[in-house]
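Listed below are the residues making up each chain.
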Amino acid sequence: MPKLITQVGCPYCGSSCDDIEVLVSDDGRKVLEVHNACIIGNNLFHHANDSTRPMLPRRRQPDGTMKEISFEEAVDYTAKTLLAAKKPLIYGFGSTNCEGMSAVGRVAEKSGAILDNCASICHGPSFLAIFDNGYPSCTLGEVKNRADCVVFWGCNPMHAHPRHTSRYSIFPRGFFTGKGQMARTIISIDPRETDTAKLADIHYMLDQGHDYELFDAFRTVLRGHDIPDMVAGCKKEDILKGAEAMKKARFVMIFFGMGCTHTDGRNHNIDIAISLTRDLNTHTKASIMAMRGHYNIAGPGQVWSWQFGFPYCIDLSKGTHAHMNPGETSSIDLAMRDEIDCFVNVGTDAGAHWPIDAVRHVKKHPFITIDPNFCMASEIADLHIPVRIAGVDEGGVVYRMDNVPIQFKAVLKGLSGVPSDEELFDMIYERMCVLTQTEPVWLTAKDDRKYPSPAVI
Ligand code: SF4
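Scoring rules and cut-offs
- Residues numbered from 1 in each chain as written.
- Predicted model: local features only at pLDDT ≥ 70, side-chain atom pairs only at ≥ 80, totals over all residues.
- Heavy atoms only, no water.
- Helix = DSSP H or I, 4+ residues; strand = E, 2+ residues; numbered from the N terminus.
- Rg over C-alpha atoms; globule rule 2.2 N^0.38 Å.
- Buried < 20%, exposed > 50% of the residue type's maximum accessible area, 1.4 Å probe, protein only.
- Pairing = 2+ DSSP bridges.
- Axes fitted to C-alpha atoms, helices over the stretch in contact; angles between N-to-C directions.
- Contact = heavy atoms within 4.5 Å.
- Polar contact = N/O pair within 3.5 Å; in protein donor to acceptor, adjacent residues only side chain to side chain.
- Phe/Tyr/Trp six-rings, centres within 6.5 Å; stacked < 30°, edge-to-face > 60°.
- Domains from an automatic or database assignment.
- Buried area = accessible area lost by both parts, 1.4 Å probe.
- Salt bridge = Lys/Arg side-chain N within 4 Å of Asp/Glu carboxyl O.
- Expected span 1.5 Å × (residues − 1).
- Disulfide = S-S within 2.5 Å.

1. Re the overall build of the protein chain
Next, step 1: When helices and strands are counted, the protein chain shows 18 helices and 21 strands.
Next, step 2: Taken over C-alpha atoms, the radius of gyration comes to 23 Å for the protein chain, in line with the 23 Å a tight globule of 457 residues would show.
Next, step 3: In terms of overall dimensions, the protein chain has a C-alpha envelope of 75 × 55 × 40 Å along the principal axes.
Next, step 4: Relative to its full complement of 457 residues, the protein chain shows a buried share of 56%.

Written out as structure tokens, the structure reads:
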């Protein structure tokens, strides 16, 4: 009998929907149906059925082809390559669970690596602004139940976080927002007429790259001062109208995305957005939230902050203490300055999503990809190690975009012999300990591991 598994988490976008239902075959090896997910989530679960998923690591041969090798050989190669490197970079982690993120911390510390995640090319500027200016934020439940004015600044959830608007921000009928969409004023700030903008009551089609000026204008108006007739391509009367709508609301929620973090000003756009949120709190209640991209990209910020005190761009090469300085210790900057001599791509696709010059630089050195699927990063790697898919055939903890932790389930039985990220990193760590004749101090309490001891490799 096929089995319907309920309250499943979707491992794709930062909405981290946890109301998915998945019908699996009676042997627990195939996804038959997916209910409640958007088209992206639906596709993700069905993709796990792909019979061509890699089950063994592949190592590049001298003639350029890839040849399958055992997990033991892959673990040995990775441990030796990391130990031989002077400054390895371990990067990615948008798409894995917190257990994997924690396990890699041990490997990074042991190899004196730089440990970085996709925030570096995504919401990293938001972190910098938060360090400077604080983060007056809330949970998505607060938004659903209270927000009667929702601002989408430089983000397009209808495409990037498809169920965000129906679960949290526009359509749901909350405790104090019983009329759903009718109870909310929606404001979109975007140079394009996106599908989110089409849903909005007010759309500011600002000049691209002039967000800071528009934030500044809203602040100026809220503080009772005059502004020019046009700011950032928007009319004064429209800005006054939006400022009034925010002031009159009972709870204003500002969501922001790549339109702010990837354009001129970067962290300063977020700085001033946070200041605007503060200003609004002198009139009403207001809150702000980054539209984090991947379902667990908030995870490394949490896990590594507990482990090392920093959320990303963590330089462990000193051996005695961690150091963080985006611009100096951020992945793209390190790659462009050719400062790293080994690259490990985990749960992301730097091959597809990094600037090509940065990819060319890291390609000069050993390049290892740890990923459940074939992707650009796996195809240019010297070694590709497959792992189980977190949220599909491996459970674990993930942090939603509002930093609420959610326990995700495994809905399928994992591919035979393929480890999870956590198991793989523990194997690599233990192998590094054997090679350096040191005690695997982190693992002594872990007597439930499912892989063979590297001592016998
Ligand atoms: S909105 Fe995001 S988390 Fe929810 S089902 Fe779609 S892709 Fe998955």
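2. Quick notes on the sheet that holds strand β8 (residues 149-153)
Within a sheet, adjacent strands bond to each other through the backbone by hydrogen bonds, running parallel or antiparallel.
Next, step 1: A sheet is described by the order of its strands in space; here 5 strands give the open sequence β10-β9-β8-β13-β14, paired in parallel fashion. Of all strands in the sheet, those with a lone pairing partner are β10 (202-204) and β14 (285-290), marking the two edges. Each strand axis lies, on average, 15° off the axis of its neighbour in the sheet, ignoring direction.
Next, step 2: Across the sheet, helix α10 (residues 236-248) lies against β8, β9 (185-189), β10 and β13 (251-256), angled at about 130° from β10, the strand it touches most.
Next, step 3: Packed on one face of the sheet, helix α12 (residues 267-280) meets β8, β13 and β14 and runs near 160° to β14.

3. Describing the environment of Cys10
Next, step 1: Structurally, the position occupied by Cys10 is in the loop between β1 (3-8) and β2 (20-24).
Next, step 2: Linking Cys10 and Pro386, residues 376 residues apart in sequence, is a C-alpha distance of 20 Å.
Next, step 3: With near-sequence residues (within four places) excluded, Cys10 lies in contact with Ser16, Cys17, Ile20, Gly41, Phe45, Tyr295 and Phe408.

4. Digging into the side chain of Arg388
Next, step 1: Looking at where Arg388 falls in the secondary structure, it is placed in the loop between β19 (383-385) and β20 (396-399).
Next, step 2: With a relative accessible area of 13%, Arg388 lands in the buried category.
Next, step 3: In this structure the side chain of Arg388 is engaged in a polar contact, spanning 2.7 Å, whose partner is the side chain of Glu394.
Next, step 4: Among all residues touching Arg388, those that are not within four sequence positions of it are Arg53, Pro372, Asp393, Glu394, Gly414, Val418, Pro419, Ser420, Asp421 and Glu423.

5. What to know about the pairing of strand β3 (residues 31-35)
Next, step 1: Note that β2 and β3 share 4 bridges and pair antiparallel. Counted as the bridge partner of Leu23 is Glu33 from β3.

6. Examining the packing of aromatic side chains
Next, step 1: Taken as a whole and judged by the stated rule, the model has 15 aromatic pairs.
Next, step 2: With 5.7 Å between their ring centres and 15° between their planes, Phe152 and Phe255 make a pair best called stacked. Separated by 103 residues along the polypeptide, Phe152 in strand β8 and Phe255 in strand β13 bring together distant segments of the chain.
Next, step 3: Here the aromatic cluster, defined as three or more aromatic residues joined through ring pairs, consists of Tyr91, Phe343, Trp354 and Phe367.

7. What to know about the domain arrangement of the protein chain
Next, step 1: As far as domains go, the protein chain holds domain 1 (3-47), domain 2 (58-122 + 295-449) and domain 3 (124-290).
Next, step 2: Using C-alpha coordinates to define each centre, domain 1 is positioned 31 Å away from domain 3.
Next, step 3: With 11 residues of domain 1 at the interface, the matching set in domain 3 holds 8 residues.
Next, step 4: Both faces considered, domain 1 and domain 3 share a buried interface measuring about 700 Å² in area, 54% of it formed by carbon and sulfur atoms.
Next, step 5: On the domain 1 side of the contact with domain 3, Ser15, Cys17 and Cys38 bury the most area, a combined 50% of that side's loss.
Next, step 6: On the surface where domain 1 and domain 3 come into contact, there are 3 salt bridges.

8. Things to note about helix α2 (residues 71-84)
Next, step 1: Compared with the 20 Å implied by 1.5 Å per residue over 14 residues, the 20 Å span of α2 between its first and last C-alpha is a close match.
Next, step 2: Buried within α2 we find Phe71, Ala74, Val75, Asp76, Tyr77, Thr78, Ala79, Thr81 and Leu82.

9. A word on the state of the cysteines
Next, step 1: Taken as a whole and assessed by the stated rule, the structure comprises 0 disulfides.
Next, step 2: Cysteine Cys122 shares no disulfide, and the gap to the nearest cysteine sulfur, in Cys118, comes to 7.7 Å.
Next, step 3: There is no disulfide at Cys342, and the cysteine sulfur nearest it, in Cys375, is 17 Å away.
Next, step 4: Residue Cys342 is classed as buried on the basis of its relative accessible area of 1%.

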